[in-house]
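So the chains spell out like this:
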Amino acid sequence: MPEDTVGFIGLGIMGRPMALNLLRAGYSLVVHNRTRAKEEELVSKGARAAGSPREVASASEIVITMLPDSPDVEEVYLGSEGVIAGARGGQLLIDMSSIAPAVAVAVSSAASEIEADALDAPVSGGDVGAREGTLSIMVGGSDEAFKRAKTLFDVLGKTVVHMGGAGAGQTAKACNQILVAVTIEAVSEALVLASKAGVDPDRLIEVLSGGLAGNRVMEVRRRNFLEHDFTPGFKLHHKDLGIALRTARELGVYVPTTAIVDQMLAALKAAGDGGLDHSALLKVIEEASAHRI
Ligand code: NAP
């Protein structure tokens, strides 16, 4: 039976199933979400509810956050009712949201000031990976903090890698999001070209999957592309490419294709399709090509 009480803040698409997995693994959980009604299901299964991130920190040894974006993480950690205000030396604070590496470094510094440890540990694998406990977890922070968190990460994920110091997990996540977005865009171009030339897109995916062009996007999103089914799905990709572009700018790294795909996601949003799955990039290529596959 795990001894540590874990605080969990942010019970959304990802946080809810992750928190449920920790409960199932025997952790004592203290939960909090901005919309408090989302705490009820966890409470009915044995978790305790807390009124603020500060209360969560006071009541637990390890705190996990799964929030939408950098400003949310800043507020939840550094605000007057935040985690740092309720935390104490020796605690372990783990942010699993996808945010800017620079904000992860700021949270880590704030934790150091009170002699607590912080890890940035963003994930890939989507809501299915969160439910099944098979996420890939990319971790930034000290060796010691990583070792302490490893048992808990093994409940949530299948591939857990310590990437380096504070912010390194977020850098890896930004790279992940570049690869996924650019691949979706490339698959979309290939599907529209094939289809407009009279070649069946379904058979195209089948044959290309057997060679060097085969990829997980084509495998996992095959049905979404072919049936134009873009709901529900992952709708935070524009935010993530923003993080990748800002990080590349800070470092002086040339990422032209990422910039173009970012613009395509902006166009989708402007057309009112910002809530669709990222595979809806296909629509952008279809509309500009005057052809629906
Ligand atoms: P989500 O469904 O929007 O969940 C975020 C949760 O955080 C919501 O329940 C929200 O509460 C809560 N929250 C926001 N601000 C808060 C605050 N100040 N205090 C307490 N709770 C607060 O988002 P998600 O899809 O779970 O994504 C979470 C993170 O994981 C994001 O960074 C995302 O990029 C990343 N991620 C997502 C996926 C995916 O497939 N969805 C995959 C990999 C990584 P409300 O109910 O009040 O809004």
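Residues numbered from 1 in each chain as written. Predicted model: local features only at pLDDT ≥ 70, side-chain atom pairs only at ≥ 80, totals over all residues. Heavy atoms only, no water.

S.K.: Would you take a moment to explain the side chain of Thr-65 for this structure?
M.R.: Within the element layout of this structure, Thr-65 appears in strand E4 (residues 62-65). Among the polar contacts listed, one links the side chain of Thr-65 to the side chain of Tyr-77, at a separation of 2.8 Å. Discounting chain neighbours no more than four positions away, the residues touching Thr-65 are Ile-9, Val-76, Tyr-77, Ile-94, Asp-95, Met-96 and Ser-97. (Helix = DSSP H or I, 4+ residues; strand = E, 2+ residues; numbered from the N terminus. Polar contact = N/O pair within 3.5 Å; in protein donor to acceptor, adjacent residues only side chain to side chain. Contact = heavy atoms within 4.5 Å.)

S.K.: Sorry, what's going on with the nonpolar core here?
M.R.: Buried together is how nonpolar side chains tend to be arranged in soluble globular proteins. Counting residues in hydrophobic clusters, the biggest one holds 34 residues, and the most contacted among them are Leu-29, Ile-94, Met-96, Ile-137 and Phe-153. Within the residue set of this core, elements represented by two or more residues are strand E1 (5-9), helix H1 (15-24), strand E2 (28-32), E4, strand E5 (92-95), strand E8 (135-140) and helix H8 (143-156). It is H8 that provides the largest number of residues to this core, a total of six residues. Excluding residues within four positions of it along the chain, Phe-153 makes contact with Ile-94, Met-96, Leu-119, Ala-121, Ile-137, Val-139, Phe-146 and Val-160. (Core = buried A, V, L, I, M, F, W, Y, C linked by side-chain atoms within 4.5 Å. Buried < 20%, exposed > 50% of the residue type's maximum accessible area, 1.4 Å probe, protein only.)

S.K.: Would you take a moment to explain unusual backbone geometry for this structure?
M.R.: For residues that are not glycine, phi is negative in most cases, and the peptide bond is trans in most cases. With a phi angle near 50°, His-228 is a residue other than glycine that sits in the positive phi range. Checked against the element boundaries, His-228 lands in the loop between helix H12 (222-227) and helix H13 (237-251). With relative accessibility at 16%, the residue His-228 sits in the buried group. Residues other than glycine seldom take positive phi values, yet Ala-290 does so here, at roughly 50°. Its location among the elements puts Ala-290 in the segment after helix H15 (281-289).

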